[in-house]
Amino acid sequence: MAAQNGQDNVPDSWDDGPTSDDAASEITKPMSSLNVNAAIFTPGTNIFAKPFIPPGSVPLHEPSPVIDNTNNLPNEESLPKPDTWESPPNEGELDLMDTDTKEAVSEEQSENLENWGEDEEDEEENDMEDEQEVPVKKVKAPGEKKVRKEHLNVVFIGHVDAGKSTIGGHMLYLTGMVDKRTLEKYEREAKEKNRETWYLSWALDTNLEEREKGKTVEVGRAFFESEKKHYSVLDAPGHKSFVPNMICGASQADLAILVISARRGEFETGFERGGQTREHAMLVKTAGVRHLVVLINKMDDPTVEWDEARYNECKEGLLPYLRKCGFNPKTDIYFMPCSGLTGAFLTMIPDEKICPWYRGPSLLTYLDEMPPISRALDAPVRLPIVDRYRDMGTIVLGKIESGVVTTNQKLLMMPNRVSIKIMTIVSDEEDSDDAMPGENVKLKISGVEEEDVSPGFVLCSPEDVCNTGRVFDAQIVILEHKSIISAGYSCVLHIHSCVEEITLKAMLCLIDKKTGEKSQKRPRFIKQDQAGIARLEVNGGLICLETFKDFPQMGRFTLRDEGKTIAIGKVLKIIE
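Here, residues in each chain are numbered from 1, in the same order as that chain's written sequence. Per-residue local features of the predicted model are confined to residues with pLDDT of at least 70, and side-chain atom pairs are confined, for both listing and counting, to 80 or more; whole-chain, interface and lining totals are unaffected and use all residues. Excluded from the side-chain calculations are hydrogens and water; all other atoms, namely the structure's heavy atoms, are used.

You'll find the protein chain entered in an unreviewed UniProt entry as Tr-type G domain-containing protein, with Elysia crispata given as the organism. UniProt positions are given in the numbering used here, feature names are shortened, and annotations may be inferred rather than shown by experiment. As stated in UniProt under Sequence similarities (unreviewed entry), the record for the protein chain gives "Belongs to the TRAFAC class translation factor GTPase superfamily. Classic translation factor GTPase family. EF-Tu/EF-1A subfamily." Database annotation for the protein chain, UniProt heading Subcellular location (unreviewed entry): "Cytoplasm".

Below, the structure written as structure tokens:
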């Protein structure tokens with residue numbers, strides 16, 4: 001009986017199914033047209049494709065046995081002819097072979113693969129001999145005792161486009177902290193943006209805005225090591241709009257490298273009034289940096305070509321101003337020529353034909369041979385917080401000014417007097433159980449939320465906390481201000497990592513710069529190039545500070561207004 005849908009071969013009921021003989025014949029009919037000798041289907045395999053031959057390889061063995069699958073395949077003329085050798089047979093083909101053939105093929109295949117690996121190793125060794133090897137950072141084995149080298153914090157300062165990031169990036173490459181492959185990647189990307197000469201700076205300028213404009217915005221952080229010392233690099237922005245960021249970087253530095261461009265016109269632009277060379281030199285001195293290395297960069301430029309006269313011209317133009325800032329030319333300043341792009345005098349001395357008039361030392365050699373900086377190991381902990389963020393807990397960043405910090409240590413956060421516990425310590429991307437004074441560290445802390453922490457807060461030993469205040473007396477020197485400054489004047493205070501608005505409450509006296517004598521009569525105002533003692537009030541409430549006499553790192557400050565540094569000073573007395 002036919003089904004209602006018109007299909008004659010479907011029964012009305014399963015009880016009326018076909019007999020066993022009918023069923024066998026029904027199955028045999030369609031099976032007779034199948035190719036039962038075909039190779040087992042493997043997903044993703046194209047049987048018509050040529051076998052894969054690795055580039056540069058040689059014939060390794062004779063063609064493996066081929067199974068006759070010609071029933072349903074195109075004839076030999078229509079198939080592409082294989083090359084001199086074929087790829088090893090896949091699993092499906094091996095299943096169809098007899099046992100002896102399988103063993104022979106598998107032995108041959110393993111032998112060929114071993115030979116192939118040896119050939120590749122030989123080729124790689126030859127390639128490596130042609131290329132110059134770059135040192136690679138050594139990874140500390142688990143349980144291996146940490147070798148603690150002397151720590152030195154270096155900040156690169158100078159006018160915009162002087163070459164600070166390029167020199168920093170090249171130093172990272174030459175000391176093995178950036179590998180050649182990464183540098184080649186930066187070079188390709190820079191070429192695509194028509195910025196071929198900027199690729200070295202991309203090791204420190206990591207965000208898109210900095211790479212697009214070729215200007216550092218945030219303080220770049222990195223580190224490298226020599227055989228003698230461990231260096232933390234702070235790459236400060238050179239543009240006048242980002243001077244507050246530069247002050248933050250200078251506050252964490254032990255030594256400053258002032259980068260000067262020797263290119264015709266660029267040195268003059270950076271050093272004249274309005275250029276950042278002057279302001280940066282003054283700011284690092286105010287931040288407590290005692291030693292300055294002046295790098296006369298771009299000596300390889302076509303307008304310079306390692307000319308000694310141009311080098312001396314830049315040097316003589318800088319010396320009087322640096323002396324005025326408070327640097328002693330005999331003990332605090334060292335000049336050297338260099339090329340950030342070629343790496344000349346950064347870690348190696350170039351050929352005498354290039355620069356016969358200066359034969360060393362290189363920058364790295366000079367830094368290695370500097371006398372060690374004395375650190376306050378036994379003093380109470382003082383760690384001004386530079387930045388904070390959330391990452392599976394509260395993370396704070398800062399430089400340890402004094403004392404030793406250890407994991408599970410309990411400290412007090414000032415000025416809000418919150419007790420915190422240190423969970424982990426990271427110093428230059430390496431976990432540590434403790435950290436010494438002078439190290440820039442990243443701490444994971446418990447006991448406080450990220451939104452309750454602000455830059456300028458200080459971590460202290462609970463038994464000896466830092467001072468806090470809102471009103472204080474300070475000695476100030478007015479550097480640059482068009483009009484007079486009197487009571488009621490407001491500006492921005494930069495003290496260690498703290499930035500707050502302040503108001504001048506009163507002028508107490510003027511100080512004669514030559515004799516140091518204080519005026520008996522209270523002045524009504526103070527003007528440019530004058531020094532005096534003033535009473536200042538913080539508009540935002542309590543801040544952490546110390547007198548300059550007790551703790552210089554937290555007692556020196558800078559005053560800025562309208563994008564310019566107008567004064568420097570030191571805290572004499574905390575009133576309230």
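Turning to the overall build of the protein chain, a few remarks are in order. Only DSSP runs of H or I reaching four residues or more are called helices, and only runs of E reaching two or more are called strands; each is numbered from the N terminus. Within the protein chain, the secondary structure is distributed over eleven helices and 25 strands. Only protein chains enter the accessibility calculation, which uses a 1.4 Å probe; a residue whose area is less than 20% of its type maximum is buried, one above 50% is exposed, and one in between is partly exposed. Burial analysis of the protein chain (576 residues in total) assigns 42% to the buried set. In this description, contact between two residues means that some pair of their heavy atoms is separated by no more than 4.5 Å. Taking all contacts inside the protein chain whose residues are at least 6 apart in sequence as the whole, residues at least 24 apart take part in 71%. Surface accessibility of the protein chain: about 31900 Å² in total, with carbon and sulfur atoms responsible for 49%. Values of accessible area rely on a 1.4 Å probe in the Shrake-Rupley scheme; residue burial ignores everything except the protein chains shown.

Bringing the side chain of S432 into the picture now. Structurally, S432 can be placed in strand β12 (residues 430-432). Think of a polar contact as two N or O atoms within 3.5 Å of one another; within protein, one of them needs to be a possible hydrogen donor and the other a possible acceptor, and neighboring residues in sequence only count if both atoms come from side chains. Here the side chain of S432 touches D434 through a polar contact of 2.6 Å, landing on its backbone oxygen.

Here we take up the packing of helix α7 (residues 243-250) against helix α9 (residues 276-286). Fitted lines through C-alpha atoms serve as axes, helices being fitted only where they are in contact, and the angles separating the N-to-C directions of these axes extend from 0 to 180 degrees. Two elements in contact, α7 and α9, have axes whose closest approach is 10 Å; the angle formed by their N-to-C orientations is 35°. The crossing of α7 and α9 is right-handed. Two secondary-structure elements touch here, α7 through V243, M246, I247 and A250 and α9 through Q276, E279, H280, L283 and V284. Of the residues in the contact of α7 with α9, the class split is six nonpolar, two polar and one charged. The sense of a crossing depends on the near helix, which, turned anticlockwise from the far helix by less than a right angle, makes the crossing left-handed and, turned clockwise, makes it right-handed. Asp, Glu, Lys and Arg are counted as charged, while Ala, Val, Leu, Ile, Met, Phe, Trp, Tyr, Cys and Pro are counted as nonpolar; the rest, among them Gly, fall into the polar class.

Aromatic ring pairs are defined here through the distance separating the ring centres and the angle between the ring planes. Pairing of aromatic rings covers Phe, Tyr and Trp, the last through its six-membered ring, and needs centres within 6.5 Å; plane angles under 30 degrees mean stacked, over 60 mean edge-to-face, and all others mean tilted. A full pass over the atoms with the stated rule returns six aromatic pairs. In this arrangement the basic side chain of R278 is found over the ring face of Y321, its NZ or CZ atom lying 4.8 Å from the centre. One cation-aromatic arrangement involves K285 over F327; the distance from NZ or CZ to the ring centre is 4.9 Å. Any Lys NZ or Arg CZ that is within 6 Å of a ring centre and within 35 degrees of that ring's normal is treated as a charge sitting over the ring.

What follows covers the nonpolar core. The tendency in soluble globular proteins is for nonpolar side chains to be buried side by side. The set of buried Ala, Val, Leu, Ile, Met, Phe, Trp, Tyr and Cys residues whose side-chain atoms join them within 4.5 Å is what this entry labels a nonpolar core. Judged by nonpolar contacts, the single largest core of 66 residues is most densely connected at V294 and I296. In this structure I296 touches I260, A262, Y311, C314, L318, F335, M336, P337 and C338, once residues within four positions along its chain are discounted.

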